[in-house]
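Next come the chains, spelled out residue by residue.
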Amino acid sequence: MAELDNTPVTERVAGRHPGAVTLRVLAALLGYPDATLRAHLHELEALLAADGVLSASRRAAVVALVQHLQGRDALGIETDYVELFDRGRSTSLYLFEHVHGDSRDRGPAMIDLGETYAKAGLLLVEDELPDYLPAVLEFVSTQPPREAKSFLGEIAHLLDALHAALVKRASPYAGALLALLELAGHKPQADRAVPDEPPIDESWEEPAAFDGCSSAGQAAPGQPQPVRIVRNPSLSRQGATP
């Protein structure tokens, strides 16, 4: 599987029920476009057609993504992937980023999801997190059709938000999310608002030490800094000087 082991993509897509092949193809396409994926892009259109679970329009959107990747050089598609998915919160493929952000709740959620994989007899590849969407899709592809659709339905709101963010960036990867929403039985919200966000490096940037304390809400460096002295009531009651 794409993120649960190192099996080549052409061997991973052999599914046990309709839809499994399509889920694994989508998992592969949403993964990092390494040499293995690039070597097998020409096979994916036929696999989608043979599985036959996507409507013609949704399959065409996925094929357009495949053709886009085929038309780019290796460095180009790898750079595009990093810029798109690793440098913005709204397009992150780590699903718990959208749910928990950097809160402490994310850790327990990761553990629970990892245990779900383990109970199904699946193990993540080294250094991968369980909420990475390609890994999630690999897991879903192993489930019976009803359970697979139910699981996708539970995360459909996250897939919808990710789809809207990709549409805003005019990314062909939006086609893969459209296919997932169809498999989940969820209609995308065409009017979903996607707020602007600063680049992730900028959002994590710390203000320079003693440089006005903050980039907002303080006087600029070199300008008068107001200081307010307040008497400590507890010291006053004790007869002490502030």
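If you're wondering where the values come from, they're calculated on a predicted model, not measured in any experiment.

Chemist: I'd like to hear about the nonpolar core, residue by residue, with values.
Modeler: Among the nonpolar cores identified, the biggest contains 54 residues, and Leu29, Leu133, Leu137, Tyr173 and Leu180 are the most heavily contacted of them. With eight residues, the top contributor of residues to this core is helix α2 (residues 20–30). Apart from the residues lying within four places of it in its own chain, the contact partners of Leu29 are Leu37, Leu41, Leu44, Val62, Leu65, Val66, Leu69 and Tyr173.

Chemist: An account of the packing of helix α10 (residues 156–168) against helix α11 (residues 174–183) is needed here, citing residue identities and associated values.
Modeler: It is the contact of α10 with α11, at a shortest axis distance of 9 Å, that shows an interaxial angle of 155°. Relative to α11, α10 is oriented roughly antiparallel. Two packed elements cross with a definite hand, and for α10 against α11 that hand is left-handed. Contacts between α10 and α11 involve Ala156, Leu159, Asp160, Leu162, His163, Leu166 and Val167 on the former and, on the latter, Ala174, Leu177, Leu178, Leu180 and Leu181. When grouped by side-chain class, the residues that make up the contact of α10 with α11 number ten nonpolar, one polar and one charged.

Chemist: I'd like a description of the packing of aromatic side chains, backed by residues and values.
Modeler: In total, this model carries seven aromatic pairs according to the counting rule given. Geometrically, the ring pair formed by Phe139 and Phe151 is edge-to-face, given 5.5 Å between the ring centres and 70° between the ring planes. Taken together, the residues Phe139 in helix α8 (residues 133–141) and Phe151 in helix α9 (residues 145–154) connect sequence positions twelve residues apart. For Phe139, a relative accessible area of 5% puts it in the buried group.

The rules behind each value
- Residues numbered from 1 in each chain as written.
- Predicted model: local features only at pLDDT ≥ 70, side-chain atom pairs only at ≥ 80, totals over all residues.
- Heavy atoms only, no water.
- Core = buried A, V, L, I, M, F, W, Y, C linked by side-chain atoms within 4.5 Å.
- Buried < 20%, exposed > 50% of the residue type's maximum accessible area, 1.4 Å probe, protein only.
- Helix = DSSP H or I, 4+ residues; strand = E, 2+ residues; numbered from the N terminus.
- Contact = heavy atoms within 4.5 Å.
- Axes fitted to C-alpha atoms, helices over the stretch in contact; angles between N-to-C directions.
- Parallel < 35°, antiparallel > 145°, perpendicular 65-115°, else oblique.
- Left-handed = near helix turned anticlockwise from the far one by under 90°.
- Nonpolar A, V, L, I, M, F, W, Y, C, P; charged D, E, K, R; others polar.
- Phe/Tyr/Trp six-rings, centres within 6.5 Å; stacked < 30°, edge-to-face > 60°.

Remember that the coordinates give geometry; whether it matters functionally is a separate question.
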